[in-house]
Amino acid sequence: MTGTPGREDAGPVQSVDRAVAILEILARDGEAGVIEVARELDVHKSTASRLLAALDRRELVTQNTARGKFRLGTGIVRLAGAAGRTLDLVQESRPVCRTLAREVGETVNLVILSGRDALYLDQVAGPAALSPHNWAGKRIPLHATSDGKVLLAHLSEAELAGCLMPPLRRFTDRTITTLDELSPVLAEVRRRGFATAVDELEAGLTAIAAPVRNADGHVAASISASGPSFRIPADRIGQVADSVRRAAAEVSRRLGWPGSGNSVSLGT
């Protein structure tokens, strides 16, 4: 027995740190038993056993029944695949977003669905955006943004119900706050191929977004251009929407979706 029993279960943060350390040990050594893990972590073997069991339930490790040792599980591959897809999305979209930002002169964002929020992955500032708010890494409620509307519009009814939990938060006097109001808006997004949000998240802010599809044709993200409403008045929305749709189609093409027949080459 190694370590001190009184040190085990020292708190959730330490448990997470130890669990990650176990994954690093298995990545380095290929496999390890409970006693080996306990010795390296300097914990009681019962603590190591509980941590390994928790990782096993998530399929992050798996036990060789004949040898009794643990190795990395298929859950690691699943997580790595998801991370890889996100990195691919950012990498493939960045040059296109730069070109779009130069073309429309406004701030361009790349956004994905994350739980009940729109997660802003990447941002490129256009020449007219002197001091843009940095949305990268931020989570924003779906119903109040053009990106969120794009992502919501392509969910199943069950997924949609899981993402929208009334009452919907009001940000301005133009924010849509009921599902009855939102439903026809999402239908219009599907019909037109883009979404708008005018003074809905912030007074004086207009945004236009279009869907990005992966190789299977599923909507994996959205791309938006946003700026002050006085720079994107009603009579300019159609022009900006065309540019955003072309950019989204080009990123979709780069991700392997063959349906982007009207895409043009943007970026390098």
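Look up: the structure comes first, before these words.
Residues numbered from 1 in each chain as written. Predicted model: local features only at pLDDT ≥ 70, side-chain atom pairs only at ≥ 80, totals over all residues. Heavy atoms only, no water.

Asks: How should I be thinking about the pairing of strand S8 (residues 219-228) in this particular structure?
Replies: Successive side chains on a regular strand alternate, one facing one side of the sheet and the next facing the other. Where burial is concerned, most of S8 is hidden: seven out of the ten residues are buried. In the sheet, strand S3 (residues 107-114) pairs with S8 via five bridges, with the strands oriented antiparallel. Bridge assignment links Val108 to a residue of S8, and that residue is Ala225. Pairing geometry for strand S7 (residues 205-213) and S8, over nine bridges, is antiparallel. If you follow Pro211 over to S8, its bridge partner there is Ser222. The turn linking S7 back onto S8 is made up of five residues, and Gly217 within it adopts a positive phi angle of 90 degrees. (Buried < 20%, exposed > 50% of the residue type's maximum accessible area, 1.4 Å probe, protein only. Helix = DSSP H or I, 4+ residues; strand = E, 2+ residues; numbered from the N terminus. Pairing = 2+ DSSP bridges.)

Asks: Explanation requested: the side chain of Asp199 in the structure shown.
Replies: Within the secondary structure, Asp199 sits in the loop between strand S6 (195-198) and S7. A residue is classified by how much of its surface remains accessible, and Asp199, at 18% relative accessible area, is buried. A distance of 2.9 Å separates the side chain of Asp199 from the side chain of Ser229, its partner in a polar contact. (Polar contact = N/O pair within 3.5 Å; in protein donor to acceptor, adjacent residues only side chain to side chain.)

Asks: Mind showing me how you'd approach the sheet that holds S6 here?
Replies: The strands that make up a sheet pair up through hydrogen bonds in the backbone, lying either parallel or antiparallel. As summarised here, the arrangement of the six strands in space is S5-S4-S3-S8-S7-S6, forming an open sheet in which the pairing is antiparallel. Two strands bound the open sheet, and with one partner strand each, they are strand S5 (139-141) and S6. Pairs of neighbouring strands in the sheet enclose a mean axial angle of 30 degrees, with direction left out of account. In this fold helix H5 (residues 146-153) packs onto S3, strand S4 (117-124), S6, S7 and S8, with an angle of close to 155 degrees to the strand it touches most, S8. Each of S6, S7 and S8 touches helix H8 (residues 234-254); the most contacted strand, S7, lies at about 30 degrees to it. (Axes fitted to C-alpha atoms, helices over the stretch in contact; angles between N-to-C directions. Contact = heavy atoms within 4.5 Å.)

Asks: How do you make sense of the pattern of salt bridges when you look at a structure like this?
Replies: For side chains of opposite charge, pairing can occur when their charged atoms come near one another. Applying the stated criterion across every chain yields a total of 14 salt bridges. Among the ionic pairs, Arg28 bridges to Glu40, the shortest N-O distance being 2.9 Å. In this pair, Arg28 sits in helix H1 (residues 12-29) while Glu40 sits in helix H2 (residues 34-41), placing the two residues twelve residues apart along the sequence. The exposure class assigned to Glu40 is partly exposed, which follows from its relative accessible area of 41%. Salt-bridge contacts for Asp117 lead to Arg139; the nearest nitrogen and oxygen are separated by 4.0 Å. Here Asp117, found in strand S4, pairs with Arg139, found in strand S5; they are 22 residues apart in sequence, far enough to count as distant. We classify Asp117 as partly exposed; its relative accessible area is 23%. The exposure class of Arg139 is partly exposed, given its relative accessible area of 46%. Salt bridges linked by common partners bring Arg28, Asp29 and Glu40 together as one network. (Salt bridge = Lys/Arg side-chain N within 4 Å of Asp/Glu carboxyl O.)

Asks: How should I be thinking about the packing of aromatic side chains in this particular structure?
Replies: The description of two aromatic rings rests on the distance between their centres and on the angle between their planes. One pass over the full model with this rule turns up zero aromatic pairs. The lysine or arginine in question, Arg213, covers the ring of Trp257, its NZ or CZ lying 5.3 Å from the ring centre. (Phe/Tyr/Trp six-rings, centres within 6.5 Å; stacked < 30°, edge-to-face > 60°. Lys NZ or Arg CZ within 6 Å of the ring centre and 35° of its normal.)

Asks: Would you take a moment to explain the packing of H1 against helix H3 (residues 45-57) for this structure?
Replies: Packing of H1 against H3 leaves a shortest axis separation of 10 Å and a crossing angle of 75 degrees. With respect to each other, H1 and H3 are oriented roughly perpendicular. Residues Ser15, Arg18, Ala19, Ile22 and Leu23 of H1 form the contact with H3, whose participating residues are Thr47, Leu51, Leu52 and Leu55. The residue makeup of the contact of H1 with H3, split by class, is six nonpolar, two polar and one charged. (Parallel < 35°, antiparallel > 145°, perpendicular 65-115°, else oblique. Nonpolar A, V, L, I, M, F, W, Y, C, P; charged D, E, K, R; others polar.)

Asks: Would you mind showing me how to read H5 here?
Replies: An α-helical turn contains 3.6 residues, so a residue and the one three or four places further along point in the same direction. The element H5 is extensively covered by neighbouring structure, given that eight of its eight residues are classed as buried. Residues of H5 that are buried: Ser146, Asp147, Gly148, Lys149, Val150, Leu151, Leu152 and Ala153. Of the residues flanking the start of H5, the one acting as N-cap is Thr145, its side-chain oxygen 2.8 Å from the backbone nitrogen of Gly148.

Asks: It is not clear to me how the nonpolar core should be interpreted in this structure. Could you clarify?
Replies: Nonpolar side chains in soluble globular proteins tend to be buried together. With 27 residues, the main nonpolar core has Leu89, Leu100, Val108, Ile208, Val212, Ile223 and Val240 as its most contacted residues. Ranked by the residues each element gives to this core, the list is headed by H8, at seven residues. Membership of the second largest hydrophobic core comes to 20 residues, among which are Ala153, Leu168, Ala195 and Leu201. (Core = buried A, V, L, I, M, F, W, Y, C linked by side-chain atoms within 4.5 Å.)

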